[in-house]
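Structural overview for review
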Number of protein chains: 2
Amino acid sequence: MVVRSTIMDTNSFRAEDADSLDNETRALTDKRERLLGESYRLFYRRPVHLVKGEGQYLWDASGKKYLDVYNNVASIGHCHPAVIEAVNQQMRSLNTHTRYLHERILNYSEDILGTMPQAVNKAMYMCTGSEANDLAIRVAQSYSGGTGIIVSQEAYHGTSQLTSGCSPALGSGQPLAATTRLIATPDHYRLAGKDVGAWFAQQMQMQIDDMKANGIKFAGFLADSIFSSDGVLPGEPGFLKPAIDVVHQNGGIFIADEVQPGFARTGEAFWGFARHDIVPDVVTTGKPMGNGIPVSGLFAKADVLAAFSDQIPYFNTFGGNPVAMAAAEAVLDVIRTEELQQHSLTVGNQLKAELSKLIDRYECVGDVRGAGLFIGFELVTDKESKAPNKALALDLIERLRDKGVLTSVAGPHGNVLKLRPPLAFQTQDIDWLVGALDESLQEARS
Amino acid sequence: MVVRSTIMDTNSFRAEDADSLDNETRALTDKRERLLGESYRLFYRRPVHLVKGEGQYLWDASGKKYLDVYNNVASIGHCHPAVIEAVNQQMRSLNTHTRYLHERILNYSEDILGTMPQAVNKAMYMCTGSEANDLAIRVAQSYSGGTGIIVSQEAYHGTSQLTSGCSPALGSGQPLAATTRLIATPDHYRLAGKDVGAWFAQQMQMQIDDMKANGIKFAGFLADSIFSSDGVLPGEPGFLKPAIDVVHQNGGIFIADEVQPGFARTGEAFWGFARHDIVPDVVTTGKPMGNGIPVSGLFAKADVLAAFSDQIPYFNTFGGNPVAMAAAEAVLDVIRTEELQQHSLTVGNQLKAELSKLIDRYECVGDVRGAGLFIGFELVTDKESKAPNKALALDLIERLRDKGVLTSVAGPHGNVLKLRPPLAFQTQDIDWLVGALDESLQEARS
């Protein structure tokens, strides 16, 4: 029995903090409480009221500048002119839907499929990662004839009923589907010395066997290959392969959820799965795809998709519309022309090196790991026990916010700083981030 | 046992039509076949390749002009400058998400909730109508403690697994959920002489009783109040009220799916439910909300929403982001400043009057009905039997396309023309539409 946390709730604003806010902020939080559903969460004890963004920087209403080390939606940089221009041009001429012919969806499909293994050759479009994963699970179930889906222990795959039932990160208020199984995470930090690839493949077989024992037919494994909400666990390139072989040997499919590691983020490859030399059966995309314009995609092997699409029409009104495709195309172009994959690798390695120096200086800094500009910074009570230090992580998040650095936490214990800036993050930003973190660690110690 | 059709498939392009296409069109349909999943459908035997839109008009690649009598997404008119400008301005300054404070979501929420009954006082945002309905069903289930959802016989409520299971319009390839019940549609044309309000309330009780008999606890009734995919059945204002009373008496909630009738479309009220003097428990919106920018909403009574939102965090990455809210705000403003609700009523009535003249001239025109610029034009074999004439409807759709009029069909038999132009449709467009329809009817007769 896995104990389920509520990571999504960890560094949220709470009503009891309201009295400490300035009047302007208080007016906004009160208005939110009055008008918005209570499922909404705000970051920080003192929520941030943003008014402007550019590249890797954000500004609040008082003019204070922030370094964004969290948001992967504005992946190529906040307010990137290429996306603004592409959207504006397309909005001025036409914005309809996929039941009429239009070149943009076809040109984009050709372009994006060209970045994937040849076997992944069919494209579909939605508006959100949730919609992409919801469809992907249905495709897995149609293809396999099974219902069982394996996800990682702290996975988050979406907000729809189907994807929520596969998202333990939503906390214990959200029931998991009876057909969902949670696989232990490849926590390389705590599995040090083990052959993590073989170990993870074994864990996969155990979950599949458990399904079988309970009369559930296995449909597939759904994971983002950097295990973002599990605490950012990139692991060694290739370690995932044996587990995916087990998935296939048991008749299931592998759905690579690229909402987190995709679009050049890891630096080592354009897609997260490509770090592991895997050919996924289905690839889903979302967040960074349109730099903030809602667009998501599902890309699949034709034969895997056919079991679903031969039976069921699927029409997503806004999905793949000319404006969404214009934004998506602009993002792909910018990643190439600004060489953001190489940039992510280079600057990510520099950042990781600087952050790693803090390991020696602080007993509480247990591990620094990452791929490209996606880095996990793990706080522990001490290096020997490696016991998660959630309180410290939350404290640091708030201190960093005060020093103008925006980030958040991840992992089942909420003790890992999730450092995932827009890819516009530059070498010269490292000082601000690492300096602020260093100071915050010192303050927390004293 | 209700026989389920596949209305969504009716006027689709089919591969066998490919040989009759011009080379340019053929190249595009071939490319679609190669690159896109097979769930995608194209309208028309000779698909339309659109390149430009303005107001109620569209243009194809050859320069041919079309009158759009189908698309309610570009509700205030294709490429409306107010939306283009609002989106561009906001994209230039900031586009993040709801975990930071921002005025736009709050100002919009205040504005839109002001158009609804006072009891509906909480707002949440997503990207698509499917996402809004998926959440609404979960809210109904949390609040009622039941699982049973009633929808109309040919309802369409979305593409997610949960909403697809409540969408018989998707055809027999899509299994309905075991907890879904279909209620007979309030077909005023065929129920002529009956007290449809009392009849429909009785049908509602029958379905609730059937659930009870099968051990399913009733959660709610989900419907768009103009029964769009059931064949556009607006009925008399107020006729829905007794059925909604039955829903409430049995512990369920009413979810008003306003994706079709909302945002001034019916002319008689800003919202479809308001024609019936009903206070819904949950209201969902989508398509016309952002005039093509993906944005949708869920608006609910605080106590109904609380059962869900006290338990489960809900974060929709793009939902309610500043750009989506800018588009939505512009749409609301334009509806007011251009007085589109009154316009829809006036022009809708003129159009209905002209279309009704065809009833006397053609034995096959059985019924013309509508509210504002949402009109159903029903084709029958003869007025006595009222037998649906699907073949004629499909033939007319293709003939209309050739005459530059874009529309589609609705209803369980696919024999109702769904006339639902952008609200930018003008009095002077009536001649084109009615003239083309008249000609097409003559051609079909000969």
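What you are looking at is a predicted structure, and each value in this text was computed from that prediction instead of being measured.

The rules behind each value
- Residues numbered from 1 in each chain as written.
- Chains lettered and ligands numbered in written order.
- Predicted model: local features only at pLDDT ≥ 70, side-chain atom pairs only at ≥ 80, totals over all residues.
- Heavy atoms only, no water.
- Pairing = 2+ DSSP bridges.
- Helix = DSSP H or I, 4+ residues; strand = E, 2+ residues; numbered from the N terminus.
- Axes fitted to C-alpha atoms, helices over the stretch in contact; angles between N-to-C directions.
- Contact = heavy atoms within 4.5 Å.
- Salt bridge = Lys/Arg side-chain N within 4 Å of Asp/Glu carboxyl O.
- Buried < 20%, exposed > 50% of the residue type's maximum accessible area, 1.4 Å probe, protein only.
- Parallel < 35°, antiparallel > 145°, perpendicular 65-115°, else oblique.
- Left-handed = near helix turned anticlockwise from the far one by under 90°.
- Core = buried A, V, L, I, M, F, W, Y, C linked by side-chain atoms within 4.5 Å.
- Polar contact = N/O pair within 3.5 Å; in protein donor to acceptor, adjacent residues only side chain to side chain.
- Least-squares fit on C-alpha atoms with pLDDT ≥ 70 in both.
- Expected span 1.5 Å × (residues − 1).
- Domains from an automatic or database assignment.
- Buried area = accessible area lost by both parts, 1.4 Å probe.
- Nonpolar A, V, L, I, M, F, W, Y, C, P; charged D, E, K, R; others polar.

Describing the sheet that holds strand E8 (residues 253–257) of chain A
Residues and elements named next belong to chain A. Ordered by their spatial adjacency, 7 strands build an open sheet running E4-E10-E9-E8-E7-E5-E6, and the pairing between neighbours is mixed. The open sheet terminates on both sides in strands that have one partner only, identified here as strand E4 (120–126) and strand E6 (180–183). Within this sheet the neighbouring strands show an average axis-to-axis angle of 20°, counted without direction. Pairing analysis gives 3 bridges linking strand E5 (residues 148–152) to strand E7 (residues 218–223), with the strands arranged parallel. Bridged to Gly148 within E7 is Phe218. Its contacts with the sheet put helix H6 (residues 196–213) on E5, E6 and E7, and the angle it makes with E6 is roughly 155°.

Some points on the sheet that holds strand E3 (residues 65–68) of chain A
Residues and elements named next belong to chain A. One open sheet accounts for 4 strands, arranged E1-E2-E3-E13; its pairing is mixed. Each edge of the sheet is formed by a strand with only one pairing partner; in this case those strands are strand E1 (50–54) and strand E13 (405–406). The pairing of strand E2 (residues 57–60) with E3 spans 3 bridges and is classified as antiparallel. Note on E3: the bridge partner recorded for Leu58 is Tyr66.

A few points about the pattern of salt bridges
Residue and element names in this part refer to chain B. Taken as a whole, this structure holds 46 salt bridges over all chains when the rule is applied. Ionic pairing is found between Asp19 and Arg26, a salt bridge with its closest N-O pair at 2.9 Å. Of the charged contacts, one joins Arg369 and Glu378 as a salt bridge, the two residues approaching to 2.9 Å between their closest N and O atoms. Neither Arg369 nor Glu378 differs from the other in exposure class; each is buried.

Observations concerning the packing of helix H2 (residues 81–93) of chain B against helix H9 (residues 322–337) of chain B
All names here are of chain B. In the contact formed by H2 and H9, the axes pass within 8 Å of each other and the chain directions differ by 150°. Judged on the interaxial angle alone, H9 and H2 are roughly antiparallel. As H2 runs across H9, the sense of the crossing is right-handed. Along the contact surface, H2 presents Ala82, Val83, Ala86, Val87, Gln90 and Met91, while H9 presents Pro322, Val323, Ala326, Ala327, Ala330, Val331 and Val334.

Some points on the nonpolar core
By size, the foremost hydrophobic cluster in this structure holds 288 residues, and its most contacted members are A:Tyr125, A:Phe377, B:Tyr125 and B:Phe377. If you look at the next biggest cluster of nonpolar residues, it comprises 6 residues, including A:Phe318, B:Val73, B:Cys127 and B:Phe318.

Examining the environment of B:Tyr66
All names here are of chain B. Its location among the elements puts Tyr66 in strand E3 (residues 65–68). On the accessibility criterion, Tyr66 (0% relative accessible area) is buried. Along the primary structure Tyr66 and Asn107 are separated by 41 residues, whereas in three dimensions their C-alpha atoms are 37 Å apart. A polar contact of 2.8 Å, which involves the side chain of Tyr66, links it to the side chain of Asp60.

Considering the relation of the copies chain B and chain A
By a simple turn and slide, chain B fits onto chain A: the slide is 0.0 Å along the axis, the RMSD is 0.0 Å, and the turn is 180°. Considering both components of the superposition, the chain copies are consistent with a two-fold axis. A high fraction, 100%, of the interface residues of chain B reappear at the interface in chain A, so the copies pair face to face through one surface.

Looking at helix H2 (residues 81–93) of chain A
With 13 residues, H2(A) ought to run about 18 Å at 1.5 Å a step, and its terminal C-alpha atoms sit 19 Å apart, in line with that. Considered for burial, the residues of H2(A) that qualify are A:Val83, A:Ile84, A:Ala86, A:Val87, A:Asn88, A:Gln90 and A:Met91. Buried residues in H2(A) make contact with helix H3 (103–113) and helix H9 (322–337) of chain A together with H2 of chain B.

Focus on the domain arrangement of chain A
All names here are of chain A. On domain assignment, one finds that chain A holds domain 1 (7–71 + 340–445) and domain 2 (81–337). Put simply, the middle of domain 1 and the middle of domain 2, counted by C-alpha atoms, are 26 Å apart. Contacts between the two partners involve 30 residues from domain 1 and, on the opposite side, 27 residues from domain 2. Carbon and sulfur atoms supply 58% of the area buried between domain 1 and domain 2, which totals about 2300 Å² over both sides. The tally of links from domain 1 across to domain 2 stands at 1 salt bridge. In this assembly, domain 1 and domain 2 are joined by 14 residue pairs in polar contact (both at pLDDT 80 or more). Where the side of domain 1 that touches domain 2 is concerned, the elements lending two or more residues are helix H10 (340–361), strand E11 (365–370), strand E12 (375–379) and strand E15 (416–419). Here the residues of the side of domain 1 that touches domain 2 are counted per class, giving 16 nonpolar, 8 polar and 6 charged.

Quick word on the interface of chain B and chain A
The partner chain A presents 95 residues to the 95 residues of chain B that form the contact. Both faces considered, chain B and chain A share a buried interface measuring about 8900 Å² in area, 58% of it formed by carbon and sulfur atoms. In terms of surface lost to chain A, no three residues of chain B exceed B:Arg99, B:Tyr100 and B:Leu101, which account for 10% of the buried area on that side. Our count for the chain B to chain A interface comes out at 4 salt bridges. Measuring nitrogen to oxygen at the nearest pair gives 3.2 Å for the salt bridge that ties A:Lys31 to B:Glu110. Broken down by secondary-structure element, the contributors of at least two residues to the side of chain B that touches chain A are helix H1 (23–35), strand E1 (50–54), H2, helix H3 (103–113), strand E4 (120–126), helix H4 (129–144), helix H5 (161–164) and helix H8 (302–309) of chain B. Residue classes in the side of chain B that touches chain A are distributed as 45 nonpolar, 33 polar and 17 charged.

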